[in-house]
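Residues per chain, in single letters:
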Amino acid sequence: NAGVTQTPKFQVLKTGQSMTLQCAQDMNHEYMSWYRQDPGMGLRLIHYSVGAGITDQGEVPNGYNVSRSTTEDFPLRLLSAAPSQTSVYFCASSYPSGGRAYGELFFGEGSRLTVL
Amino acid sequence: ILNVEQSPQSLHVQEGDSTNFTCSFPSSNFYALHWYRWETAKSPEALFVMTLNGDEKKKGRISATLNTKEGYSYLYIKGSQPEDSATYLCAFFQAGTALIFGKGTTLSVSS
């Protein structure tokens, strides 16, 4: 059971380039999300999805795009990379736990992105 | 944007000390409060998911309490060990939103 798989683990981009961080989960989780980790800032939510075809913005969505065409996959696209997007990115998924609440998040191993 | 506050920001204790951290969150439209443990170079792992006012959860030497009316949760570690050194994150789930994290409390335990 692979859990949550993120690729790539490391990436270096030049300012203005675009790229996609891939996230896949094999637990049939409805809820998927992307966070970025910056020193002293904890985890900040970029975008999230509560099911296929449904996405919404989090705390820091600017410069990022997402789509959810299947339950398993939730890619994060950087449209035109900027140095401010240098960060570690985590994908996480979860399952409904009753009503509109969700259980604990299962995290991928993270993707370290550097934008020069 | 929800505001989830954690205190202290960092903490250094000796092996065997007991310690506790605080997580403050909005008290309206509460759905759930999560605690995670995050070791360096690893991914966060869930400790507790708490949903009811007055909830108390325990896992080994770590326990947590929840007060949804006043908007706070405490995480306690009894008899800290060096392997408890990590960043402890709380995350708040409010109706109609997604899971928002605090900035964490970083615990360092010296032997």
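Residues numbered from 1 in each chain as written. Chains lettered and ligands numbered in written order. Predicted model: local features only at pLDDT ≥ 70, side-chain atom pairs only at ≥ 80, totals over all residues. Heavy atoms only, no water.

### Structural notes on the interface of chain A and chain B
(1) Moving on: In this complex, chain A contributes 20 residues to the contact, which on the side of chain B involves 20 residues.
(2) Moving on: Carbon and sulfur atoms supply 68% of the area buried between chain A and chain B, which totals about 1700 Å² over both sides.
(3) Moving on: Counting across the chain A and chain B interface gives zero salt bridges.
(4) Moving on: The greatest single-element share of the side of chain A that touches chain B, amounting to four residues, is contributed by strand β5 (residues 42–51) of chain A.
(5) Moving on: Residues belonging to the side of chain A that touches chain B are distributed by class as follows: 11 nonpolar, five polar and four charged. (Contact = heavy atoms within 4.5 Å. Buried area = accessible area lost by both parts, 1.4 Å probe. Salt bridge = Lys/Arg side-chain N within 4 Å of Asp/Glu carboxyl O. Helix = DSSP H or I, 4+ residues; strand = E, 2+ residues; numbered from the N terminus. Nonpolar A, V, L, I, M, F, W, Y, C, P; charged D, E, K, R; others polar.)

### Examining the sheet that holds strand β6 (residues 56–59) of chain B
Residue and element names in this part refer to chain B.
(1) Moving on: With antiparallel pairing, five strands are arranged side by side in an open sheet as β1-β3-β8-β7-β6. Because the sheet does not close on itself, it has two edges, and the strands there are β1 (5–7) and β6. Put simply, the sheet's adjacent strands are angled 15° from each other on average, direction ignored.
(2) Moving on: Where β6 meets strand β7 (residues 62–67), four bridges bridge the pair, whose relative direction is antiparallel. Along β7, the bridge assignment pairs Lys57 with Ala64. (Pairing = 2+ DSSP bridges. Axes fitted to C-alpha atoms, helices over the stretch in contact; angles between N-to-C directions.)

### Focus: the state of the cysteines
Residues and elements named next belong to chain A.
(1) Moving on: In total, this model carries two disulfides over all chains according to the counting rule given.
(2) Moving on: The disulfide bridge from Cys23 ends at Cys91, spanning 1.9 Å between sulfur atoms. Measuring the twist about the S-S bond at about -75°, one finds the Cys23-Cys91 disulfide to be left-handed. Within this pair, whereas Cys23 is found in strand β3 (residues 19–25), its partner Cys91 is found in strand β9 (residues 87–94), the two being separated by 68 residues in sequence. Each member of the pair Cys23 and Cys91 is classed as buried. (Disulfide = S-S within 2.5 Å. Buried < 20%, exposed > 50% of the residue type's maximum accessible area, 1.4 Å probe, protein only.)

### Topic: the environment of Val49(B)
(1) Moving on: Position of Val49(B) relative to the elements: it lies in strand β5 (residues 45–50).
(2) Moving on: Once the C-alpha coordinates of Val49(B) and Ser7(B) are considered, the two residues, 42 residues apart in sequence, prove to be 19 Å apart.
(3) Moving on: When residues no more than four places from it in sequence are discounted, the contact partners of Val49(B) are Gly103(A), Glu104(A), Leu33(B), His34(B) and Lys57(B).

### Some remarks on the nonpolar core
(1) Moving on: Core analysis: the largest hydrophobic core is formed by 44 residues, its most contacted members being Tyr35(A), Leu105(A), Phe107(A), Leu33(B), Trp35(B), Leu75(B) and Phe101(B).
(2) Moving on: Broken down by element, the residue count for this core peaks at seven residues, all from strand β9 (residues 86–94) of chain B.
(3) Moving on: Apart from residues lying up to four places away in sequence, Phe107(A) is in contact with Val4(A), Tyr35(A), Leu43(A), Phe90(A), Cys91(A), Ala92(A), Tyr36(B), Ser43(B), Pro44(B) and Phe101(B).
(4) Moving on: Of all hydrophobic cores here, the second largest spans 18 residues; its members include Cys23(A), Trp34(A), Ala81(A) and Cys91(A). (Core = buried A, V, L, I, M, F, W, Y, C linked by side-chain atoms within 4.5 Å.)

### Points about unusual backbone geometry
(1) Moving on: Here the amide bond leading from Thr7(A) into Pro8(A) is cis, since omega sits at -10°, within 30 degrees of zero.
(2) Moving on: Structurally, Pro8(A) can be placed in the loop between β1 (4–7) and β2 (10–13).
(3) Moving on: Omega for the bond connecting Ser7(B) with Pro8(B) falls within 30 degrees of zero, at -5°, which places this linkage in the cis form.
(4) Moving on: Within the fold, Pro8(B) resides in the loop between β1 and β2 (10–14).
(5) Moving on: In this structure, Asn28(A) takes a positive phi of about 60° despite not being glycine.
(6) Moving on: Along the chain, Asn28(A) falls in the loop between β3 and β4 (31–38).
(7) Moving on: The phi torsion at Ala41(B) lies on the positive side, around 65°, for a residue other than glycine.
(8) Moving on: Checked against the element boundaries, Ala41(B) lands in the loop between β4 (30–38) and β5.
(9) Moving on: Judged by its relative accessible area of 83%, Ala41(B) falls in the exposed class.

### Examining the sheet that holds strand β7 (residues 64–66) of chain A
Residue and element names in this part refer to chain A.
(1) Moving on: Judged by pairing direction, the sheet is antiparallel, and its four strands sit side by side in the order β1-β3-β8-β7 without closing on themselves. Bordering the open sheet on either side are β1 and β7, each of which pairs with just one other strand. Strand-to-strand twist in this sheet, taken as the mean axis angle between neighbours without regard to direction, amounts to 20°.
(2) Moving on: In this sheet, strand β8 (residues 76–78) lies alongside β7 in antiparallel orientation, the contact comprising three bridges. Bridge pairing in β8 links Tyr64 to Leu78.

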